[in-house]
Amino acid sequence: MVVQFRALSIALLCSLSGITLATRTPLYARDDACTALAAVLPGDVAYPNTTAFFQSTSYWSEQQFETRPSCFVTPKSTKAVSTILKTLTQGNWPFTVKSGGHIPFAGGSNIENGVTVDLVHLNDIKIFPDRQTVSVGPGNRWINVTEVLDPLGIAVTGGRDMNVGVSGLILGGGISFFSGQYGWACDNVRGYEVVLASGRIIYASPSENDDLYWALRGGGSLNFGIVTRFDLVAFDQGKIWMNALSFPGTSNATVIAHFQNLTTYGMPEDTGTSGFVGINLNRSSGAYSADVGLLHATEPSPPESIPAVFKPFQQISSATANSTTAADASTFLRLFATPYGRRWTWGNVVISASFSRKFLAEILSLYQSRNIALFENEGDDEIAPTALFQPIPSNVLQAMQKNGGNAFGLTPSDGPLIMISFPTSWANRQNDELVQSSTRKLIADVERKAKEYKVYTPFVYLNYAGDKQEVQKGYGKENYNRLERIARKYDPQGKLAQLWKGYFKLDR
Ligand SMILES: Cc1cc2nc3c(=O)[nH]c(=O)nc-3n(C[C@H](O)[C@H](O)[C@H](O)COP(=O)(O)OP(=O)(O)OC[C@H]3O[C@@H](n4cnc5c(N)ncnc54)[C@H](O)[C@@H]3O)c2cc1C
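Residues numbered from 1 in each chain as written. Predicted model: local features only at pLDDT ≥ 70, side-chain atom pairs only at ≥ 80, totals over all residues. Heavy atoms only, no water.

Overview of the domain arrangement of the protein chain
Split into domains, the protein chain comes out as domain 1 (26–118), domain 2 (125–237 + 475–492) and domain 3 (240–470). Domain 1 and domain 3 are separated by 34 Å when their C-alpha centres are compared. Contact with domain 1, which involves 11 residues of that partner, is made by 15 residues of domain 3. Roughly 1100 Å² of surface becomes buried between domain 1 and domain 3 when both sides are summed, with 59% attributable to carbon and sulfur atoms. The largest share of the area that domain 1 buries against domain 3 comes from Trp 60, Gln 63 and Phe 105, three residues that together contribute 59% of it. Seen at the junction of domain 1 and domain 3, the total is two salt bridges. For Arg 429, the salt bridge goes to Glu 66, with nearest N and O atoms at 3.4 Å. At the boundary of domain 1 with domain 3, the tally comes to six residue pairs in polar contact (both at pLDDT 80 or more). (Domains from an automatic or database assignment. Contact = heavy atoms within 4.5 Å. Buried area = accessible area lost by both parts, 1.4 Å probe. Salt bridge = Lys/Arg side-chain N within 4 Å of Asp/Glu carboxyl O. Polar contact = N/O pair within 3.5 Å; in protein donor to acceptor, adjacent residues only side chain to side chain.)

Considering the UniProt feature "domain: FAD-binding PCMH-type" (unreviewed entry) in the protein chain
Feature annotation in UniProt places "domain: FAD-binding PCMH-type" (unreviewed entry) on residues 65–237, given in this structure's numbering. In the segment residues 65–237, helix accounts for 24% and strand for 25%; the C-alpha atoms at its two ends are 36 Å apart. (UniProt positions renumbered as here; feature names shortened; annotations may be inferred. Helix = DSSP H or I, 4+ residues; strand = E, 2+ residues; numbered from the N terminus.)

Remarks on the layout of surface pockets
Quantified by volume, the second largest pocket comes out at close to 260 Å³. Lining the second largest pocket are 19 residues; nearest its centre among them are Ile 443, Glu 447, Lys 468, Gln 469 and Glu 470. Top contributing element to the lining of the second largest pocket by residue count: helix 15 (residues 432–452), with six residues. Residue composition of the lining of the second largest pocket, grouped by class: six nonpolar, seven polar and six charged. (1 Å grid on protein atoms, 1.4 Å probe; cavity = no way out; pocket = protein on both sides within 12 Å on 5 of 7 lines; lining within 4 Å. Points joined across faces, edges and corners; volume = space filled by probe spheres on them. Nonpolar A, V, L, I, M, F, W, Y, C, P; charged D, E, K, R; others polar.)

Here we look at helix 13 (residues 357–377)
One full turn of an α-helix is made of 3.6 residues, so residues set three or four places apart face in the same direction. Across its 21 residues, helix 13 extends 31 Å between first and last C-alpha, which sits within 8% of the 30 Å expected from 1.5 Å per residue. Of all the residues in helix 13, the buried ones are Phe 359, Leu 360, Ile 363, Leu 364, Tyr 367, Arg 370, Asn 371 and Leu 374. All buried residues of helix 13 fall inside an arc of 125° around its axis, so they share one side. In this structure, helix 13 carries Arg 357, Lys 358 and Glu 376 as exposed residues pointing more than 90 degrees from its buried face. After helix 13 finishes, the residue Gly 379 shows a positive phi value of roughly 70°. (Expected span 1.5 Å × (residues − 1). Buried < 20%, exposed > 50% of the residue type's maximum accessible area, 1.4 Å probe, protein only. Arc of directions from axis to C-beta.)

Structure below.
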């Protein structure tokens, strides 16, 4: 069973084995920003060649791990975050912020020769007595949250991989096992405690600073402030159920056609459902496979039965693996964990779920041709590509509308949609440009095809976006301008725009 889950974790985001952390020697000296921070927060600043520094260098991708800040600062309270932001913005010192460290691109949540604010110690988890709200500190990984909530029989709309950080996932959107019922993670935040560029601490909710609340629902946090607490909607939750299936690549078109039907008809009919299809390549056999995860938020009754909306997948006769499991959220998060130690890139295109078989054939051909070109040039590397299909059905789009909606600019009439992302991993630094440029080109080619076949949408999902994708521009002009206005209101001097380094920022 574990082997089966591992295959699905690979489907979810290809992976290979990890490496140890202490093999690199950072050489950077401390700088003025670190000295200033150490003066106001003694004991919270970690310099290169110290144990504390190495602890903070745990990043999922190698590109981020190799990035060496002048120092990490690890605040232990919201007040300390406020002191840090005040110090950095007054000194005009560049910085970035790390939660779970899972954005793959170099400089995504780590910074060369600057300050990385590592939120690791802000890891409180507080359950309200009515069990309807859980307050979560921004330094938590999702496994910290589920391990507390599972024994109580409650859950929040959160991540599916144990090590992903709560902050990045929620702030970028957050596709969850529970999204069919509740929407994405950002749609299930009651309120955010936020530290602004000035160091001021405010609360954003539907009734307080509601413009900032809207912006933080997918607008990209780097222009607005550091979130120091997420108050999340909680609900009763038992076991999650999954049917894991694998099919040979020759069945790709049939499997994806079933997935389109599920997204369009099955998911709105049974909102407990979620799922994905990964078109993966076995490098030793050279064969592609379609690896499918069909999940339900409620265990079926009787337990060995298959929910009606998933039954069509059972009719595809070519399955090479077909198993079911029911377990708590923590078990799924552990089994979906994608190991550290590889170099990674990705990007995504979101299209109408009504795409034709011909369109699918064309984009799979683009994907496979790109892979062949990579393998011809990889040297002694072993590049691992994936094409990952994830649903955005109309019930999810509907759930996104609550509390004034989010920043994405999507409505139920835009859907149903399917996101295709292309996570790709490799080992050798000399292949960085090769893989990154081929992934960018693949995204551009798929976008072009989507336009040609009239299934294109400008929406790009921030949390799987490529390093050069202009995410917020895809939210529509009105939403983009609104985000800029809100950023100007809460950071009039544009300090965060200037100093907070990373990806998916507004132009301002
Ligand atoms: C293995 C794996 C599995 C994944 N699974 C899912 C999934 O199931 N669903 C899904 O939707 N996405 C998933 N993702 C994508 C994931 O949501 C994004 O990569 C996300 O950015 C990771 O969050 P993080 O906190 O770990 O990242 P980080 O790299 O720490 O941060 C990401 C960004 O958020 C900023 N940031 C961090 N903390 C704060 C804060 N407190 N306030 C303001 N800004 C902050 C950082 O500066 C950075 O720009 C997955 C990614 C990986 C690698």
